Amino acid sequence: MLPYRDMNESKREAPVVVVTGASAGVGRAVARAYGERGAKVALIARGVDGLNGARGEIEQSGGQALVLPLDVADAAAVEQAAQEIEQQLGPIDTWVNVAMVSVFSPVKEMTAEEYKRVTEVTYLGYVYGSLAALKRMLPRDHGTIVQVSSALAYRSIPLQSAYCASKHAIKGFTESLRTELLHDHSNVNVTMAHLPAVNTPQFNWVKTRLPHKPQPVPPIFQPEVVARGILYAADQAGKRRDLIIGFPSWKAIWGEKFVPGYIDHVLAKAGYDSQQYDGPISPDRQNNLWEPVAGDRGAHGDFDDRAQDSSWQLWLEMHRGPVAAAAAGVAGVAALVGLALRRD
C-alpha cells in the first residue's frame, strides 16, 4: 500500500488543520497563521461571533475555514465535528488543542463545580480532541497532534489551581500517548508547546474572585509570537517532543527542576500581586466559564502596550541547527588560534 500522502497529494490542495479555542486569543492567532499558509482550517469554539471573525480573517488571507460552534467538554460533539471536518475539508493532517477556561481564585474559595468545569474543558477537551484525531490518523498512519500547554504544566502558581492542575494532566496524558505511539511504530506524531504569559482576551472574561483586574504574569508576549512557535512545533513534531516558548517559560521549567522550594516562597510573596492590576473588577463583568461571552474579541487582550512581539529564546529554539553549527565553528577557530599562539 502506498503512503497516505502519496495517495492523496494530487487530490488535496492544502493541509487540513483543526484548531480548538479558535475564536480568540492564542487559538485565533494559530488559526489565522494557518490560514496565511493557505490551509483548510476547521475552527472549534463556543463563541460564534469570534469564530465568524476568525473565518473572515482566514478567507481574506487565502485560506478556507469551516466554523464549528461547540463545547470541547462534550466528547460526542467533538467526535461529530471531526466527522464533519473530514466530509467537508478532507482528511485531517494536524489537530491543535488550545481551548481552555480558568478561574482566578484561592483554593479555599473554589467550588467543586468550578473544578469540574475547568477540568472538563482544559484537560478533557484535549483528551477528546486527541481521541477524535487518533481515530482518523492511526488507520492512515499519518498526522500530528499539538497540545498547547504552558510552563504551568511544570510549575504551578497561586490563584489558578484548577488551570495548573489541568495543564499538569495534559502533560501526563500526552507523555503516555507518545510512548504508546513509539511502541506501535506509528507515524502519527504528538508534541507539546509550553507557553509563557500571553496578551489574550481571556483576562477580560475569565471568572475571578481577585480584588483587582486579572492579568498575565509579566513579561507578556503577543499571541502571534506563540503562534509562530506552535506552528513550528507542529512542523517539527516528528523531531521535537516539546517546544518551550519564551525565556520566562524556560526559567520556570528549569527552576522547578532544581529549586522548587525556593520558587514556592517567591510565588507566595509575589504571585498574588503579579496577577492583578489597575483597580477593582467591574460589578457587571461577565465571565465565560459556563457560557461564551458575546462579541468578537480577536486575538489580543488589553496589554498591547506591555506585550513583546518577539522572543530571542524562541528564535534560538527555531534555529538550533545553524546556531549550534556557528558555535562549533567559532569554537573551532578559537581552538586553532589558541594552538597557533602557543606554537609561537
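What you are looking at is a predicted structure, and each value in this text was computed from that prediction instead of being measured. (Residues numbered from 1 in each chain as written. Predicted model: local features only at pLDDT ≥ 70, side-chain atom pairs only at ≥ 80, totals over all residues. Heavy atoms only, no water.)

With that out of the way, let us pick up the side chain of Q313. Within the secondary structure layout, Q313 lies in helix 11 (residues 312-318). Of the residues examined, Q313 reaches a relative accessible area of 5% and is grouped as buried. Within the structure, the side chain of Q313 is placed 3.1 Å from the backbone oxygen of I244, a separation counted as a polar contact. A polar contact is formed between the side chain of Q313 and the backbone nitrogen of G246, at a distance of 2.6 Å. (Helix = DSSP H or I, 4+ residues; strand = E, 2+ residues; numbered from the N terminus. Buried < 20%, exposed > 50% of the residue type's maximum accessible area, 1.4 Å probe, protein only. Polar contact = N/O pair within 3.5 Å; in protein donor to acceptor, adjacent residues only side chain to side chain.)

This part covers unusual backbone geometry. Along the chain, P218 connects to P219 via a cis peptide bond; the corresponding omega equals 0°. The phi dihedral of D141 is positive, around 55°, even though this residue is not glycine. When you line up the elements, D141 lands in the loop between helix 5 (112-140) and strand 6 (143-150). With relative accessibility at 34%, the residue D141 sits in the partly exposed group.

It is worth spelling out the confidence of the model for the protein chain at this point. The predicted model of the protein chain has a mean per-residue pLDDT of 92, with 90% of residues at 70 or higher. Of the regions scoring below 50 in pLDDT, residues 1-11 engages in eight contacts with residues more than four places distant in sequence or in other chains. (pLDDT = per-residue confidence, 0-100. Contact = heavy atoms within 4.5 Å.)

Moving on, we get to the sheet that holds strand 6. Read across the sheet, seven strands follow the order 3-2-1-4-6-7-12 without closing on themselves; strand pairing throughout is parallel. For this open sheet the edge positions go to strand 3 (64-69) and strand 12 (242-244), each flanked by a neighbour on one side alone. Taken pair by pair, the neighbouring strands of this sheet meet at an average axis angle of 15°, ignoring direction. Across five bridges, the pairing between strand 1 (residues 16-20) and strand 2 (residues 40-45) is parallel. When the bridges of strand 2 are listed, V17 appears paired with V41. Set on the sheet, helix 4 (residues 75-88) makes contact with strand 1, strand 2, strand 3 and strand 4 (94-97); between it and strand 3 the angle comes to about 155°. (Pairing = 2+ DSSP bridges. Axes fitted to C-alpha atoms, helices over the stretch in contact; angles between N-to-C directions.)

Attention now moves to the packing of helix 2 (residues 25-36) against helix 8 (residues 223-235). In contact at an axis separation of 8 Å, helix 2 and helix 8 are set at 60° when each is read in the N-to-C sense. In terms of orientation, helix 2 and helix 8 fall into the oblique class. Remark: the crossing between helix 2 and helix 8 carries right-handed chirality. Two secondary-structure elements touch here, helix 2 through G25, V26, A29, V30, R32, A33 and Y34 and helix 8 through P223, E224, V226, A227, I230, L231 and A234. (Parallel < 35°, antiparallel > 145°, perpendicular 65-115°, else oblique. Left-handed = near helix turned anticlockwise from the far one by under 90°.)

Turning next to the nonpolar core. Counting 41 residues, the largest nonpolar core has L43, V96 and I230 as its most contacted members. Within the residue set of this core, elements represented by two or more residues are strand 1, helix 2, strand 2, helix 3 (48-60), strand 3, strand 6, strand 7 (188-195) and helix 8. With eight residues, helix 8 is the single largest residue contributor to this core. Filtering out sequence-adjacent residues up to four positions away, V96 remains in contact with V17, V18, V19, T20, V30, Y34, V146, V148 and I230. Counting residues in hydrophobic clusters, the runner-up holds 33 residues, among them L66, L70, I92 and V190. (Core = buried A, V, L, I, M, F, W, Y, C linked by side-chain atoms within 4.5 Å.)

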